[in-house]
Amino acid sequence: RHGIELPLEKTIGKITLYNYYTFMDTKINGGGDIPQVPDHKFTVGAKRNIFTADVFAQVNYVGERTFINDFLTSRKQKAYKTVDIGLTKQIKQVSMTLGIDNILDQDYEDIGVLVGDTEYFYPNPGRTFYSDPTPDRGRGIRYRPLVCRDTERQDRSGHRGAARSGFPEVSSRS
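This section reports on the structure supplied with the text. Here the structure is a predicted model, which means the values were calculated and not measured. (Residues numbered from 1 in each chain as written. Predicted model: local features only at pLDDT ≥ 70, side-chain atom pairs only at ≥ 80, totals over all residues. Heavy atoms only, no water.)

A closer look at the pattern of salt bridges
Side chains that carry opposite charge are capable of pairing whenever their charged atoms lie near each other.
Stage number 1. Across all of its chains, the model carries 5 salt bridges by this definition.
Stage number 2. Measuring nitrogen to oxygen at the nearest pair gives 3.9 Å for the salt bridge that ties aspartate 110 to arginine 65. Of this pair, aspartate 110 sits in strand 9 (residues 109-115) while arginine 65 sits in strand 5 (residues 65-66), placing them 45 residues apart in sequence.
Stage number 3. By relative accessible area, arginine 65 is classed as buried at 0%. (Salt bridge = Lys/Arg side-chain N within 4 Å of Asp/Glu carboxyl O. Helix = DSSP H or I, 4+ residues; strand = E, 2+ residues; numbered from the N terminus. Buried < 20%, exposed > 50% of the residue type's maximum accessible area, 1.4 Å probe, protein only.)

Laid out in structure tokens, this is it:
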């Protein structure tokens, strides 16, 4: 696979604007695309230092990508966007981040599987609160509220399913 990553940062006064864009040529020799790898992915955000902490807000976009088990067709999962906010404070040698991923609580699926003509999805968690003592956000504490709703929701394709935020669910579309 071939691609390009373009990080851009610009400070204007006390605000730093940033943009991270990735283009990936996901074609496999012999046909199809690399499963679950989007052609386009970007983050656009801003951060500002307030009272010795950096406050940030960002929008993340993940483009269309093939299903995890699909090496030959061109069926794609839909693109999605999320909005994150947070603050980072340097305390001695440790950078501590508190934040909320997917603050708008968007429904989206990152992983999709094709079985015949039916598409199955594992939905990502909704709004997630986290604390992280490391800059790579690989360790720390994450909290996702477990809210069980007895109502039904309709996903982007019109499929109706139980809306049980906080619990794993699999939805399907044919």
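A few points about the pairing of strand 1 (residues 2-12)
Stage number 1. With 0 of 11 residues buried, strand 1 is to be regarded as a mostly surface element.
Stage number 2. The pairing of strand 1 with strand 2 (residues 15-25) spans 11 bridges and is antiparallel. When the bridges of strand 2 are listed, histidine 2 appears paired with aspartate 25.
Stage number 3. Once strand 1 ends, the chain turns through 2 residues before running back antiparallel as strand 2, passing glycine 13 with a positive phi of about 65 degrees. (Pairing = 2+ DSSP bridges.)

Brief notes about the side chain of asparagine 60
Stage number 1. As for its position among the elements, asparagine 60 is in strand 4 (residues 53-62).
Stage number 2. Within the local environment of asparagine 60, its side chain forms a polar contact with the side chain of threonine 43, the two groups lying 3.0 Å apart.
Stage number 3. A distance of 3.4 Å separates a polar atom in the side chain of asparagine 60 from a polar atom in the side chain of glutamine 58.
Stage number 4. Each residue touching asparagine 60, except ones within four places of it in the same chain, is listed here: Phe42, Thr43, Tyr80, Lys81, Thr82 and Asp84. (Polar contact = N/O pair within 3.5 Å; in protein donor to acceptor, adjacent residues only side chain to side chain. Contact = heavy atoms within 4.5 Å.)

Considerations on the side chain of glutamine 58
Stage number 1. Structurally, glutamine 58 can be placed in strand 4.
Stage number 2. At 2.8 Å, the side chain of glutamine 58 and the side chain of tyrosine 18 are in polar contact.
Stage number 3. Here glutamine 58 is in contact with Tyr18, Thr43, Val44, Gly45, Thr82, Val83 and Asp84, once residues within four sequence places are set aside.

So, the pairing of strand 3 (residues 40-50)
Looking along a regular strand, one sees the side chains alternate between the two faces of the sheet.
Stage number 1. Sheet topology note: the strand 2/strand 3 ladder contains 9 bridges and is antiparallel. Bridge pairing links phenylalanine 23 to histidine 40 in strand 3.
Stage number 2. What sits between strand 3 and strand 4 in their antiparallel hairpin is a turn of 2 residues, with phenylalanine 51 showing a positive phi close to 50 degrees.

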